[in-house]
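Spelled out from the first residue to the last, the chains are:
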Amino acid sequence: MGKISVEYDCGVPQLACTDCGSCDSVMGKSLCSTVSRGCCHYFPEFTLAEIHRMLHLPDGRQALDTILNYPGTAINNFNLHSKGYIDKEAYDNYIAGGQLLETGIIKDHTIFFRTCPFVREGIGCIFPVRFRTTVCNFFICTEILERPEYYNEFMPYIKERMRYSRWIYRESYELQHILTENGINLVKDLEASLKLLSELPLSEYEFPILEPVEY
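### Quick look at the overall build of the chain
The helix and strand inventory of the chain stands at 7 helices and 10 strands. Rg of the C-alpha trace for the chain: 19 Å, near the compact-globule value of 17 Å for 215 residues, within the 12% margin. With respect to the principal axes defined by its C-alpha atoms, the chain has extents near 55 × 45 × 25 Å. The long-range fraction of contacts in the chain, counting pairs at least 24 apart against all pairs at least 6 apart in sequence, stands at 73%. Accessible surface, the chain as shown: approximately 11900 Å² in total, 52% of it carbon and sulfur. Computed over 20 positive and 29 negative side-chain charges, the separation of the two mean positions in the chain equals 3 Å.

Below you can see the structure in the form of structure tokens.
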């Protein structure tokens, strides 16, 4: 039996699943050299709202510096995109072999050969929940969320995940507008942008209390 619930780290919500790391989800299957990486195949994109949060929470600047100092991080005008490892040789051999996994709705088979740069095999993410992307904190595999017998129980989680994601988008857009008004962005002047973001108050989102779902 597994359980889905909402957990918090410095007020930052996460949808937590007790089966993470030990389930048989198709999305969690790794065919690359990093075997025990769970579903951490996503190359994280840190929005302005998430960067803003790092600049206000304990140890956040250290986490941000880790992201900035990682060689695979691309600094874009209004986000940071950290590209991880992809086992291209193994992927090419997999495609050439023609024996593709039965994946249902999954069309991009590179996910089985990618690893987030901030995950450690058998351990998980090097960042606490409060510094992870919204995508990371709110991902629950479809094998769980789409079980028809639990549709009504999971629906509040799906709805609140959408609301929170939209809020993060709006926060990032507003921060982008402020940076633009000041004639700066992360590419043009990184330190000035970070300084301005650190001076702006951090907005709070009151994530509702949801009943845990056991399945």
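Next, the rest of the story.
### Quick word on the side chain of T47
Following the sequence through the fold, T47 ends up in strand β3 (residues 45-47). Reaching out from T47, the side chain makes a polar contact with the side chain of S172 at a distance of 3.3 Å.

### Things to note about helix α6 (residues 151-181)
For α6, built from 31 residues, the straight-helix expectation of 45 Å at 1.5 Å per residue is met to within 8% by its first-to-last C-alpha distance of 45 Å. Of the positions making up α6, those classed as buried are F154, M155, Y157, E160, Y164, W167, I168, E171, S172, L175 and L179. Once α6 ends, the next one or two residues include G183, with phi positive near 70°.

Rules behind the numbers
- Residues numbered from 1 in each chain as written.
- Predicted model: local features only at pLDDT ≥ 70, side-chain atom pairs only at ≥ 80, totals over all residues.
- Heavy atoms only, no water.
- Helix = DSSP H or I, 4+ residues; strand = E, 2+ residues; numbered from the N terminus.
- Rg over C-alpha atoms; globule rule 2.2 N^0.38 Å.
- Contact = heavy atoms within 4.5 Å.
- Areas by Shrake-Rupley, 256 points an atom, 1.4 Å probe, with all protein chains shown as cover.
- Lys, Arg positive; Asp, Glu negative; His and termini not counted.
- Charge placed at Lys NZ, Arg CZ, Asp CG, Glu CD.
- Polar contact = N/O pair within 3.5 Å; in protein donor to acceptor, adjacent residues only side chain to side chain.
- Expected span 1.5 Å × (residues − 1).
- Buried < 20%, exposed > 50% of the residue type's maximum accessible area, 1.4 Å probe, protein only.

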